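Residue strings, one per chain:
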Amino acid sequence: HSPTCSNGSSNCILGGPGSGKGTQCEKIVAKYGYTHLSSGDLLRAEVASGSERGKQLQAIMQKGELVPLDTVLDMIKDAMIAKADVSKGFLIDGYPREVKQGEEFEKKIGKPCLLLYVDARGETMVKRLMKRGETSGRSDDNEETIKKRLDLYYKATEPVIAFYENRGIVRKVDSELPVDEVFGQVSKVIDALQ
């Protein structure tokens, strides 16, 4: 393996909203000690801070649109720099969402070792998100916005998966299965990198 795939390595994880990606991220962090960087969490923290940038981001997200590429990449880079000395590796969650983001990530940060794709059927994701919306209070968990987000997600993600498949680093897991079985697949993939 290349040296970039040892300590300090970056591993990207993609999966549609409601795919179970968040749960798998928690399990990966607990088992492997990676620093979890979620583009969504970084954006929500910025919104919660009440900054001018946060207000602009909130307006974009409430429309179900994607946030500008440079904004997300700068947040991820800052977070990686802050943890570089203490992290066993990085789990970059929900990024890149488009090929251009992947190219920019490589220019500014470096090539990821792995793209883990947590795959679930569209109807499964809608059901899971509707259920989450009943309890989460998240304003973006309503059916119309969910379907719009899924549509955007598929259009954006298919070329990204193809881009990284050409580089031989995509590993797909089936998240229709029970959570622990999905994590069994995930662990095999990560163990193979060590």
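What you see is a predicted model; the values in this text were computed from it and never measured. Counting from 1, residues in each chain are numbered in the order their sequence is written. Local features in this predicted model are restricted to residues of pLDDT 70 or higher, and side-chain atom pairs are both shown and tallied only at a pLDDT of 80 or more, whereas totals for entire chains, interfaces and linings draw on every residue. With hydrogens and water stripped out, all remaining heavy atoms of the structure feed into the side-chain values.

In this section: the packing of helix H2 (residues 39-48) against helix H3 (residues 52-62). Working convention: axes come from line fits to C-alpha atoms, limited for helices to the stretch in contact. Angles between N-to-C directions cover 0 to 180 degrees. The secondary structure listing takes helices from DSSP runs of H or I that are at least 4 residues long and strands from runs of E that are at least 2 residues long, numbered from the N terminus. Running from N to C, H2 and H3 point in directions that differ by 120 degrees, and their axes come no closer than 7 Å. Taken together, the axis directions place H2 and H3 in an arrangement best described as oblique. Relative to H3, the crossing made by H2 is left-handed. Where H2 approaches H3, its residues Leu43, Glu46 and Val47 are matched on the opposing element by Arg53, Gly54, Leu57, Gln58 and Met61. Three classes are used: nonpolar for Ala, Val, Leu, Ile, Met, Phe, Trp, Tyr, Cys and Pro, charged for Asp, Glu, Lys and Arg, and polar for all others, with Gly counted as polar. Of the residues contributing to the contact of H2 with H3, the split by class is four nonpolar, two polar and two charged. Between 65 and 115 degrees an angle is taken as roughly perpendicular, under 35 as roughly parallel, over 145 as roughly antiparallel, and anywhere else as oblique. Helix crossings are classified by the rotation of the near helix relative to the far one: an anticlockwise turn of less than a right angle makes the crossing left-handed, while a clockwise turn makes it right-handed. By definition in these notes, contact holds between two residues if any of their heavy atoms fall within 4.5 Å.

That bond from tyrosine 95 to proline 96 is cis: its omega, 0 degrees, falls within 30 degrees of zero. As for its placement among the helices and strands, proline 96 is situated in the loop between strand S3 (90-93) and helix H5 (99-108).

Next up on the list: the UniProt feature "binding site: ATP" (unreviewed entry) in the protein. UniProt positions are given in the numbering used here, feature names are shortened, and annotations may be inferred rather than shown by experiment. On the UniProt side, "binding site: ATP" (unreviewed entry) is annotated at positions that read Gly18, Ser19, Gly20, Lys21, Gly22, Thr23, Arg132 and Leu177 here. In this view, lysine 21 contacts Ile13, Leu14, Gly15, Asp93, Gly94 and Val118; residues no more than four positions away in its chain are not counted. Here threonine 23 lies in helix H1 (residues 21-32). With a 1.4 Å probe rolled over the protein chains alone, any residue whose accessible area is under 20% of its type maximum counts as buried; one over 50% counts as exposed, and the rest are partly exposed. Taking relative accessible area as the criterion, threonine 23 reaches 35% and is therefore assigned partly exposed.

This part covers the pairing of S3. The side-chain alternation of S3 yields two buried faces, one formed by Phe90 and Ile92 and the other by Leu91 and Asp93. Here a strand pair is declared whenever DSSP counts at least two bridges between the two strands. Relative to S3, strand S1 (residues 10-15) is paired through four bridges, and the arrangement is parallel. Along S3, the bridge assignment pairs cysteine 12 with isoleucine 92. Sheet analysis places strand S2 (residues 35-38) next to S3, joined by four bridges and oriented parallel.

So, on to the UniProt feature "binding site: AMP" (unreviewed entry) in the protein. UniProt records the feature "binding site: AMP" (unreviewed entry) for Ser39, Arg44, Glu65, Leu66, Val67, Gly94, Tyr95, Pro96, Arg97, Gln101, Arg138 and Arg149 in the present numbering. Position of serine 39 relative to the elements: it lies in helix H2. Judged by relative accessible area, which is 4%, serine 39 ranks as buried. Excluding residues that lie within four positions of it along the chain, serine 39 makes contacts with Val72, Asp93, Gly94 and Arg97. By relative accessible area, proline 96 is classed as buried at 1%. With sequence-adjacent residues up to four places away left out, proline 96 is seen in contact with Cys12, Leu14, Gln101, Gly102, Val160 and Tyr164.

In contact at an axis separation of 10 Å, helix H6 (residues 122-136) and helix H7 (residues 143-165) are set at 140 degrees when each is read in the N-to-C sense. In terms of orientation, H6 and H7 fall into the oblique class. Viewed along their axes, H6 and H7 form a crossing whose handedness is right-handed. Of the residues in H7, those touching H6 at Gly122, Met125, Val126, Leu129, Met130 and Arg132 are Glu143, Ile146, Lys147, Arg149, Leu150 and Tyr154. Grouping the amino acids of the contact of H6 with H7 by side-chain chemistry returns seven nonpolar, one polar and four charged.

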